Amino acid sequence: MSERYFVERPISSGRVTLAGDEFRHLAAVMRAGPGDEVTLFDGSGAEFAARVVQIGKREAELEIACRRERSRELPFPLTLAVALPKGERQKWLVEKMTELGVTRLVPLVTERGVAQPTDAALARLRRGVIEASKQCGRNVLMEIVEPIEARVLFAAPASAAVRLIADPSGDVPLKAMPAAMPSTGLIAAVGPEGGFADDELAAARRAGWQAVSLGPRMLRVETAAIALAAVFAVPN
Ligand code: SAH
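The sections below set out a description of the structure shown in this document. (Residues numbered from 1 in each chain as written. Predicted model: local features only at pLDDT ≥ 70, side-chain atom pairs only at ≥ 80, totals over all residues. Heavy atoms only, no water.)

For the rest of this paragraph, the subject is the overall build of the chain. Scanning the chain for helices and strands turns up six helices and 13 strands. Dimensions along the principal axes, computed over C-alpha positions, put the chain at roughly 60 × 35 × 30 Å. Burial statistics for the chain: of 236 residues in total, 46% are counted as buried. Accessible surface for the chain amounts to roughly 12100 Å². Of this, 52% is attributable to carbon and sulfur atoms. Taking the 30 positively charged and 29 negatively charged side chains of the chain as two groups, their mean positions are separated by 2 Å. (Helix = DSSP H or I, 4+ residues; strand = E, 2+ residues; numbered from the N terminus. Buried < 20%, exposed > 50% of the residue type's maximum accessible area, 1.4 Å probe, protein only. Areas by Shrake-Rupley, 256 points an atom, 1.4 Å probe, with all protein chains shown as cover. Lys, Arg positive; Asp, Glu negative; His and termini not counted. Charge placed at Lys NZ, Arg CZ, Asp CG, Glu CD.)

Shown next, in the form of structure tokens:
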């Protein structure tokens, strides 16, 4: 895979200009020059072979050679709703969710949660999705939606997706889940370090969410999220 760069605007044919972070990566980090071949993607699901035409002070110009349809997405939509941990662990979680192919990340606001991402934090996390997608070859960006209260999520009308809530005292072992996911997909919720509050758990169960156990050890938020995503995302 040649070095990959993300372009904000939809790419068509002809020439594309790289600016900002992507320009710095190309010019300052990779020290690319005219004639170098790279791969561009715009989040549409395709990737584009391109050649550097010119490197300026703040922008680079590239010529598109061809468009390739390369889906590296999961065969079903996978949503993780997570009470995000703090700082570096939050960033790390987003990277791993992106690599594993998670379709959508829902930051959960819970009774015992501490970190409620600000707009600036969300923007940083979305930038993290781009970085991870450049590295892992995804041509569709994992979506990070606006934070939502756990009780609101649990009270939402039942969707066709399989709905799981990770709970150390859950009664459904993950192994009991169907190996092939329905095309309507799956949504899994992970609580904060302090755990979901009893009324949150009760609301989820009442609404038909299945409480799944990930084993007898207490996992960190990000470990629980990775374990859940990996079980469903990695082909067996
Ligand atoms: N002190 C909390 C633990 C929270 S761990 C408690 O006693 O519940 C943070 C979140 O990770 C939990 O809310 C749960 O969603 C998930 N989690 C951690 N370990 C788990 C396990 N063994 N089984 C299921 N979910 C787990």
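This next bit is on the packing of helix α2 (residues 87-100) against helix α6 (residues 221-233). Closest axis-to-axis distance for the α2/α6 pair is 10 Å, and the angle between their directions is 0 degrees. With respect to α6, the element α2 is oriented roughly parallel. Across from R89, W92, L93, K96, M97 and L100 in α2, the residues of α6 making contact are E222, A225, I226, A229, A230 and A233. Here the contact of α2 with α6 is built from residues that sort into nine nonpolar, no polar and three charged. (Axes fitted to C-alpha atoms, helices over the stretch in contact; angles between N-to-C directions. Parallel < 35°, antiparallel > 145°, perpendicular 65-115°, else oblique. Contact = heavy atoms within 4.5 Å. Nonpolar A, V, L, I, M, F, W, Y, C, P; charged D, E, K, R; others polar.)

Bringing the packing of α2 against helix α3 (residues 119-136) into the picture now. Axis separation between α2 and α3 bottoms out at 9 Å; the angle between their running directions is 45 degrees. Considering the angle they form, α2 stands oblique to α3. Like other packed secondary-structure pairs, α2 and α3 cross with a definite hand, here right-handed. Contacts between α2 and α3 involve Q90, K91, V94, E95, T98 and E99 on the former and, on the latter, L125, G128, V129, A132, S133, Q135 and C136. Here the contact of α2 with α3 is built from residues that sort into five nonpolar, five polar and three charged. (Left-handed = near helix turned anticlockwise from the far one by under 90°.)

A few words on the side chain of D167. In this structure, D167 sits in the loop between β10 (162-166) and β11 (172-173). Salt bridges are absent for the buried D167, whose nearest opposite-charge side chain, R205, sits at 4.2 Å. (Salt bridge = Lys/Arg side-chain N within 4 Å of Asp/Glu carboxyl O.)

All right, on to the packing of aromatic side chains then. Evaluation of the coordinates by the stated rule reveals three aromatic pairs. Ring geometry for F154 versus W209: centroids 5.1 Å apart, planes at 75 degrees, classification edge-to-face. Pair noted here: F154 is in helix α4 (residues 150-155) and W209 is in the loop between α5 (198-206) and β13 (210-213), with a separation of 55 residues, a long-range link. With relative accessibility at 1%, the residue F154 sits in the buried group. (Phe/Tyr/Trp six-rings, centres within 6.5 Å; stacked < 30°, edge-to-face > 60°.)

Lining the immediate environment of the ligand, one finds 19 residues, of which A166, L214, G215, R217 and L219 sit closest. The backbone of D167 places a nitrogen or oxygen atom 3.3 Å from a nitrogen atom of the ligand. Protein chains shield 85% of the accessible area of the ligand, which is 550 Å² for the free molecule. Secondary-structure elements contributing two or more residues to the shell around the ligand are β13 and α6. Residues of the shell around the ligand, tallied by class, amount to eleven nonpolar, five polar and three charged. (Near = heavy atom within 4 Å. Polar contact = N/O pair within 3.5 Å; in protein donor to acceptor, adjacent residues only side chain to side chain.)

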